[in-house]
Amino acid sequence: MSRRRLQAWLVIVALVLAAPGTAHAYIHLGFDNAGQSRPIKWNSSSVLWYANDRTVPGVSPSQFQAELAQAFTTWESVPTATIAFQFAGFTSAIPLDDDSLSVFGFQSVPELDRVLGSTAFVVDVITGSIVESDVFFNSIFAWSVAAGGDATRFDLRSVATHEIGHFLGLGHSAIGETEVRTDGGRRVLGSGAVMFPISLGRGSVEDRVLQPDDIAGVSDLYPDGNFRSDTGIITGRVRMNGVAVNGAHVVAFNPQTGTLIGNFSGADGTFRIAGLTPGPHVIRVEPIDDADIDSFLDPAGVNVNFQVTFHDRLIVAPRGGTSASFDVTVRPK
Amino acid sequence: MSRRFFSLAALAVVIVGGVGVSSVAAQTVSEPAGRLQVGVGVGWIGGAALGEQPANLRTASGGPYRLFESETDLASSGSFEARVGILVSRRYGVEGRVAISKPELHSVITSDAEATGSFTAAETVDHYVFDGGVVVRLPELAGMGLTPFASAGAGYVRQLHEEQALVETGHLFYVGGGFTRPLLSRSQGLIRAMSVRADLRLNLFYLELDEGSRQQGSVSGSLVLTF
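Residues numbered from 1 in each chain as written. Chains lettered and ligands numbered in written order. Predicted model: local features only at pLDDT ≥ 70, side-chain atom pairs only at ≥ 80, totals over all residues. Heavy atoms only, no water.

Now for the packing of aromatic side chains. Evaluated as defined, the whole model comprises 24 aromatic pairs over all chains. Where Phe72(A) meets Phe167(A), the ring centres are 5.8 Å apart and the plane angle is 75 degrees; that geometry is what we call edge-to-face. One end of the pair, Phe72(A), is in helix H1 (residues 61-76); the other, Phe167(A), is in helix H2 (residues 156-168), with 95 residues separating them in the sequence. Judged on exposure class, the residue Phe72(A) and its partner Phe167(A) are both buried. Taking 5.5 Å as the distance between ring centres and 40 degrees as the angle between the ring planes, the aromatic pair formed by Phe264(A) and Phe296(A) counts as tilted. Taken together, the positions of Phe264(A) in strand E16 (residues 260-264) and Phe296(A) in the loop between strand E18 (279-286) and strand E19 (309-310) put the pair 32 residues apart, joining distant regions of the chain. Overall, the relative accessible area of 9% leaves Phe296(A) in the buried class. By way of ring pairs, the aromatic residues Trp42(A), Trp49(A), Phe72(A), Phe85(A), Phe87(A), Phe90(A), Phe104(A) and Phe167(A) are connected into one cluster. Positioned above the aromatic ring of Tyr174(B), the side-chain terminus of Arg201(B) is 3.4 Å from the ring centre. (Phe/Tyr/Trp six-rings, centres within 6.5 Å; stacked < 30°, edge-to-face > 60°. Helix = DSSP H or I, 4+ residues; strand = E, 2+ residues; numbered from the N terminus. Buried < 20%, exposed > 50% of the residue type's maximum accessible area, 1.4 Å probe, protein only. Lys NZ or Arg CZ within 6 Å of the ring centre and 35° of its normal.)

What follows is the structure, given as structure tokens:
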């Protein structure tokens, strides 16, 4: 079988300083293959990664490696997922080179003046398997490795945890709320996922800790033996005036645990939210209006002209199964 | 509502039990001992507040940002019950019961960051109770044709969400009391006695998805045949 390789910036999966942000849940990165959408993921049980040996003010190569190792451990420690990483060593190879090495490093990219970091992939487009993934951290910003954070710098481990989510194949989550600033950027009021596209800001170390939406996303992509049988899936469809709504952000809220896990509706209005604790859930549907649509989805055809809607039925996530599909009808703005 | 009901039920038990200890027997029991009793009836089971839960996001400092608030409760509902028991003596009996109800589970959403007003999401739950316990009759307190009793027991609960999409099981304990009133009593024939019975209970449910116990009062009335 011939392997076609595609090097693609599948998403500029970056944390933006004060750019758009939204409230969402997890989404898996993927690509279309012969009309079928396929998620991308690593197919090896232990993924090798390299650290670029460049230094930036406040972060030595060894500190860089140590912070990344802690961020990797955060993802490895999810009890319902099986994925492992192995540090392969320091390298002078540059992130984003197609060299079969998965390299993390600092790079100065002044033209991306709101981008803290970004992840790119080389993917086997036949199998969806990730062949290589590189991550750069934009060295035009000041970085911190301080245990409690530094109010004037961005926390490296927090941003690394986010980028490693992409490295695993997760897209952005929209579980968060933002407000528009006077300069046109956005300020995060609250974030419900490490994979929210906008940073909580300088000094914050909150994104070192995964949230239920992140855990559901990575577990759905790399499930351990009991994940499927211990959790449930909710499926449904979002409609407005009898027509499917594309790109609606659907969040399942567990009124017992307080967890928020979500996903987006597709072009046919259908959505699927996996990794839910069995039990009844409140369903909240909102348009993507807290961040740029392309932070999450291809903007073409995405409908944002509807009101925030709560479904009038509690939807039960069955243990080890999938709910009966249901329709949520939203109203135009 | 359920808490008020709980107090009422507890009060009834205390009065019935307390007075029973010091009273003098005054009236015989119509239903003969050692015979099978079968009853069917209808009732009402009180609701239960299942608590408030905010949908919180994190802020940069780690504090909460409230996306919305929720308050969930199980509504009161009618119930159907069937009971089988036996009076082992004039005072003591044992019995088993099946009760079926279909309460609604409600979550009321308020204070949404982006939507005004409140919203309610609901589902109907099929609630099955299989319990058994002891009945202590108190003939010394009988009056106006009514014989009071106290009861206590334990059982198994099976709760089906959304047409069996999810089965939740657990157990319950109950205490209660009530009275019976004889309608018919005879020394021959298949049916030896017939009576009506009223029950007042406090139920403590322990279900898989709940944190801690859920208190729910219940009342029921049934027709009892003694064979």
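Take the interface of chain A and chain B next. Each side of the interface is counted separately: chain A has 41 residues, and chain B has 37 residues. For the pair chain A and chain B, the summed buried surface comes to about 3,000 Å²; carbon and sulfur atoms form 57% of the total. Taken as a group, Gln256(A), Phe310(A) and Leu314(A) account for 21% of the area that chain A buries against chain B, more than any other trio of residues on that side. The tally of links from chain A across to chain B stands at four salt bridges. One salt bridge in this structure joins Glu114(B) and Arg284(A), with 3.3 Å as the shortest N-O distance. The interface formed by chain A and chain B holds eleven residue pairs in polar contact (both at pLDDT 80 or more) in total. For the side of chain A that touches chain B, the secondary-structure elements that each account for two or more residues are strand E11 (176-180), strand E12 (186-191), E18 and strand E20 (315-317) of chain A. (Contact = heavy atoms within 4.5 Å. Buried area = accessible area lost by both parts, 1.4 Å probe. Salt bridge = Lys/Arg side-chain N within 4 Å of Asp/Glu carboxyl O. Polar contact = N/O pair within 3.5 Å; in protein donor to acceptor, adjacent residues only side chain to side chain.)

Once that is clear, we can look at H2(A). At 3.6 residues per turn, the α-helix brings residues three or four places apart onto the same side. All names here are of chain A. Across its 13 residues, H2 extends 18 Å between first and last C-alpha, which sits within 8% of the 18 Å expected from 1.5 Å per residue. For H2, a buried count of 13 out of 13 residues is recorded, marking the element as mostly surrounded by other parts of the structure. Note on H2: the residue one or two positions beyond its end, Gly 169, has a positive phi of about 115 degrees. (Expected span 1.5 Å × (residues − 1).)

What follows deals with the pattern of salt bridges. Pairs can form between side chains of opposite charge whenever their charged atoms are close. Residue and element names in this part refer to chain A. Inspection of the entire model under this criterion finds 25 salt bridges over all chains. Where Arg 157 meets Glu 67, a salt bridge forms, and the shortest distance between an N and an O atom there is 3.1 Å. Highlighted residues: Arg 157 in helix H2 and Glu 67 in helix H1, separated in sequence by 90 residues. The class for Arg 157 is buried, based on a relative accessible area of 15%.

Take unusual backbone geometry next. Residue and element names in this part refer to chain A. The residue Leu 96 is not glycine, and still its phi comes out positive at about 85 degrees. Tracing the backbone shows Leu 96 in the loop between strand E5 (84-91) and strand E6 (103-107). Given the relative accessible area of 21%, Leu 96 is considered partly exposed. Even without being a glycine, Ser 100 presents a positive backbone phi close to 65 degrees. Along the chain, Ser 100 falls in the loop between E5 and E6. Relative accessible area serves as the criterion here: at 46%, Ser 100 is assigned to the partly exposed category.

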